[in-house]
There are 2 protein chains.
Amino acid sequence: MGGRAIIAGAGALPGLLAAAGPALIVRFEGAQGGTEGADLVARFEHLGALFHGLKARGVSELCLAGAMRRVHFAREGVDAVTQALLPRLAHAMGQGDDALLRLVVGIFEDQGFVIRGAQDLRPDLVARAGVLAGQCGDGADSARARAVLAALGPLDVGQAAVAAGGQIIGIETLQGTDAVLRFVADSAPGSGGVLVKRAKPGQDLRVDMPAIGPDTVALCAKAGLSGIELQAGHVLMLDPVAVVAACRTHAINLWAVP
Amino acid sequence: MGGRAIIAGAGALPGLLAAAGPALIVRFEGAQGGTEGADLVARFEHLGALFHGLKARGVSELCLAGAMRRVHFAREGVDAVTQALLPRLAHAMGQGDDALLRLVVGIFEDQGFVIRGAQDLRPDLVARAGVLAGQCGDGADSARARAVLAALGPLDVGQAAVAAGGQIIGIETLQGTDAVLRFVADSAPGSGGVLVKRAKPGQDLRVDMPAIGPDTVALCAKAGLSGIELQAGHVLMLDPVAVVAACRTHAINLWAVP
């Protein structure tokens, strides 16, 4: 059995995955999350060196974890492997973050690495169906938000929506869940609504699983929401104990449905 | 032929409609837009008096114009006509603004008044297909925003969406177009994207036609957008000269498509 490496971005997930067993921590220079504590510092310009370094250390399985937005890319000084990938990278960059992520996954797979999802390494982080904090608040608002996400799913838009009083008051766009919660806090405070967070149909759950953390709960409280509904089996809690504690602190109901 | 009355809310529309010909201006006490300049001041508690007053003045056609959000309603001192309508009003209030508006329209129609749309009185305010300012910016972004609105339409959600670089960065919710433009300005500044504004399939264009004004254009500029696409025949410009001038000032393309 080969070793494992975690390609680590920003946020709490890389640390939670590292706790799942021995793993090499790889961080990219100039990416979100910095390079502190990395076992291996990689550069997008030197992907050949990264592949070589991983293989030399006996790594066969990879876990991509944590937010990693596009970083500056220096076209000068790229190695031969990166050079050969440049046309595909440039094309994917023009199509947005999802396309770029799919390409990166494909590149690692082409090199023989097996991609493992966070839910594989830490199934205990995945929301299971049922009431997780407070009581089940499922009702007209969550049904309405789910309907909006179902309608948008085929367009690869919308991982979260907020409904209150039967009306939609927030739909997640590219800027993410925190941004839509700040929007609701600003434009419809004290609504008592519900945040529904689900995976998009096309989402690669191995590398891009929806996640909430205690900060998400705090933002929901700031937006005056009364509940959070997660899609069971499709959303990570980072970490579950802290998320549930935050829900109790802020008197927010938390539950998961299929 | 009977006379015309304009039930006037906030904004520029009531004034623009009044210019279309003689009309009695009705304003509600406590509603947005105030009661200044009204020929008749009405109260929601005294709908019987309003119907009587309109008929006494020979009014047969009504135009509901301008934003009018829910106002405080005093259950004490309602007249018999309002009293009889209370159960329906209370029910509609629980279902949101659209339901309330449909009910109000129905109540006026039940009284024999004919509802006339703003586009009827001022067809010159309606966006016609073609380039209205700058050049036609129709492309991948506007197509993407249109697809989102088409998906949400059956749910009676979304009258506007913003796309940039092929990605959706804003979807209008209950809070309205200005709110989503402020969201884009805050969370994705300088995107160079496009605002697409269209009617929802279920929207009653006689009383609730989508509209943009020079302030909308200024907010688009603040959000760093490069263009605005309207649904031809379904969106009002308040007023067209000012809207086009604002587009030129802010170097924003404006066009309308079917």
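Residues numbered from 1 in each chain as written. Chains lettered and ligands numbered in written order. Predicted model: local features only at pLDDT ≥ 70, side-chain atom pairs only at ≥ 80, totals over all residues.

Asker: What exactly am I supposed to notice about the sheet that holds strand β2 (residues 24–28) of chain A here?
Answerer: Residues and elements named next belong to chain A. Spatially, β3-β2-β1-β4-β5 is the arrangement adopted by the five strands of the open sheet, whose pairing is parallel. Both outer strands of the open sheet, β3 (40–42) and β5 (114–115), are each paired with one neighbouring strand and no more. One ladder, built from three bridges, connects β2 with β3; its direction is parallel. Bridge pairing in β3 links Phe28 to Ala42. (Pairing = 2+ DSSP bridges. Helix = DSSP H or I, 4+ residues; strand = E, 2+ residues; numbered from the N terminus.)

Asker: Would you mind going over the packing of helix α2 (residues 47–56) of chain A against helix α3 (residues 80–93) of chain A with me for this structure?
Answerer: Helix packing for two helices is described by the angle between their axes and how far apart those axes are. Residues and elements named next belong to chain A. Where α2 meets α3, the closest approach of the two axes is 5 Å, and the angle between their N-to-C directions is 120 degrees. Comparing their axes, α3 and α2 come out oblique. Judged by residue contacts, Leu47, Gly48 and Phe51 of α2 engage Ala80, Val81, Thr82 and Leu85 from α3. Here the contact of α2 with α3 is composed, by residue class, of five nonpolar, two polar and no charged. (Axes fitted to C-alpha atoms, helices over the stretch in contact; angles between N-to-C directions. Parallel < 35°, antiparallel > 145°, perpendicular 65-115°, else oblique. Contact = placed C-beta atoms within 7 Å. Nonpolar A, V, L, I, M, F, W, Y, C, P; charged D, E, K, R; others polar.)

Asker: What is the right way to read the nonpolar core from this model?
Answerer: Most often, soluble globular proteins keep nonpolar side chains buried together rather than apart. Counting 156 residues, the largest nonpolar core has A:Val162 and B:Val162 as the members making the most contacts within it. The contacts of B:Val162, once residues within four sequence positions are left out, are B:Ala145, B:Ile169, B:Gly170, B:Val180, B:Val184, B:Gly193, B:Val194, B:Leu195 and B:Leu225. (Core = buried A, V, L, I, M, F, W, Y, C linked by C-beta atoms within 7 Å. Buried ≥ 20, exposed ≤ 12 C-beta atoms within 10 Å, placed from the backbone.)

Asker: Honestly, the domain arrangement of chain A in this entry has me stumped. Any pointers?
Answerer: When the parts of a complex come together, some accessible area is lost, and that lost area is often used as the size of the interface. Residues and elements named next belong to chain A. Split by domain assignment, chain A resolves into domain 1 (3–121) and domain 2 (126–257). The interface is formed by 13 residues belonging to domain 1 together with 13 residues belonging to domain 2. Among the elements of the structure, α1 (13–18), α4 (97–110) and α5 (118–121) are those that each provide at least two residues to the side of domain 1 that touches domain 2. Considering each element in turn, the side of domain 1 that touches domain 2 owes the most residues, four residues, to α4. (Domains from an automatic or database assignment.)

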